[in-house]
Amino acid sequence: MRETHGRLVRAAALLTGSCAVLGALAVSPAAASTPATPSAPAASPSIIGGSTAQNPGYITRFNGHANGYTFFCTSTLIGSRWVLTAKHCMYDNNSQRLTDIDLYIGSNSASGGVHAKAAQTYVEGNGDLALIKLDSDGGGTFARLASSSSDARVGDAATVYGWGATQADDEGHHQSSVLKKANVTISSTNATDNAGGRAISARTPNGAVAGGDSGGPMVDGGVQVGVCSTSDRSSITTYGSVAAGRSWIKQVSGI
């Protein structure tokens, strides 16, 4: 997560706020900003623990730009020109909708893969989900989306992915340059996300999501069941329910 040309880099995370770097995971909103390019991550970058990951081809880096800041999130390609992410990722530090968004699709690197720009954005009314229509094709490998609440069950082992911070403090200077993953255990399918929508909560025994992971996927049995919304950056995280937002996703994108 870095921005060149002398612009400020800001990370926001609703994880104790949110999972975004100026972008947000949050149990209660938290933000961090830094007046420089973030320093290189540790030799074995991870979600705060966890491990490096192989991109299945659809996980997408989100870099939004406004007011001299770059806002970092994670997202997923769900159709050739459609990306799913978190609603809270769509707003800048003045609560204005972002319009200048770069997406980097399908690479392990935060700045690699297919590059596309956001042409249009849509936010869900009753949950922490958002859709981005791309200005060009993003590729041909798409996330499989949950269609039923039974796709995620309490006790299931799931995997979460993102390019977020590798430590809980000074997150803007500790963004990972490579994709990370962590194993989680679903603890509830009736939690609440950052926007008041239905969510999946999970325990994070070997890696906690942090700023910059917002909007990223929770995958259970090969199916994306959640979108990163909040986290305490240590033991618990919530992901907006894809099944709960499935009809809205289809209405907007046709997918």
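Residues numbered from 1 in each chain as written. Predicted model: local features only at pLDDT ≥ 70, side-chain atom pairs only at ≥ 80, totals over all residues. Heavy atoms only, no water.

Student: What exactly am I supposed to notice about the pairing of strand S13 (residues 217-220) here?
Tutor: Within a regular strand, side chains alternate between the sheet's two faces. Here S13 shows two buried faces, one formed by Pro217 and Val219 and the other by Met218 and Asp220. The sheet contact formed by strand S10 (residues 157-162) and S13 spans two bridges and is antiparallel. Bridge pairing in S13 places threonine 159 opposite valine 219. Where S13 folds back onto strand S14 (residues 223-231) in an antiparallel hairpin, the turn is made up of two residues, including glycine 221, whose phi is positive at roughly 65°. (Buried < 20%, exposed > 50% of the residue type's maximum accessible area, 1.4 Å probe, protein only. Helix = DSSP H or I, 4+ residues; strand = E, 2+ residues; numbered from the N terminus. Pairing = 2+ DSSP bridges.)

Student: Would you explain the packing of aromatic side chains in this entry?
Tutor: The relative placement of two aromatic rings is captured by the distance of their centres and the angle of their planes. Enumeration according to the criterion identifies two aromatic pairs in this entry. An angle of 40° between the planes, with centres 5.7 Å apart, marks the rings of tryptophan 82 and tyrosine 122 as tilted. Of this pair, tryptophan 82 sits in strand S6 (residues 82-85) while tyrosine 122 is found in strand S8 (residues 114-123), placing the two residues 40 residues apart along the sequence. Judged by relative accessible area, which is 10%, tryptophan 82 ranks as buried. Tyrosine 122 gets classed as partly exposed once you look at its relative accessible area, which sits at 26%. (Phe/Tyr/Trp six-rings, centres within 6.5 Å; stacked < 30°, edge-to-face > 60°.)

Student: Could you clarify how one ought to interpret the pattern of salt bridges in this entry?
Tutor: Throughout the structure, instances matching the rule amount to four salt bridges. Of the charged contacts, one joins lysine 117 and aspartate 100 as a salt bridge, the two residues approaching to 2.5 Å between their closest N and O atoms. Residue lysine 117 is found in strand S8, and its partner aspartate 100 is found in strand S7 (residues 100-105); the two are separated by 17 residues along the sequence. Overall, the relative accessible area of 26% leaves lysine 117 in the partly exposed class. Given the relative accessible area of 29%, aspartate 100 is considered partly exposed. A salt bridge links lysine 180 to aspartate 213; the nearest nitrogen and oxygen atoms lie 3.4 Å apart. Of the two residues, lysine 180 is situated in strand S11 (residues 180-192) and aspartate 213 in the loop between strand S12 (198-203) and S13; the sequence distance between them amounts to 33 residues. Of the two residues examined, lysine 180 and aspartate 213, each falls in the buried class. (Salt bridge = Lys/Arg side-chain N within 4 Å of Asp/Glu carboxyl O.)

Student: Explain unusual backbone geometry here, please?
Tutor: Generally, phi is negative for residues other than glycine and the peptide bonds are trans, each holding for most cases. Non-glycine residue serine 95 carries a positive phi angle of around 65°. As for its placement among the helices and strands, serine 95 is situated in the loop between S6 and S7. Assessed through its relative accessible area of 55%, serine 95 is described here as exposed. Phi at arginine 233 is positive, roughly 65°, even though this residue is not glycine. Structurally, arginine 233 can be placed in the loop between S14 and strand S15 (236-241).

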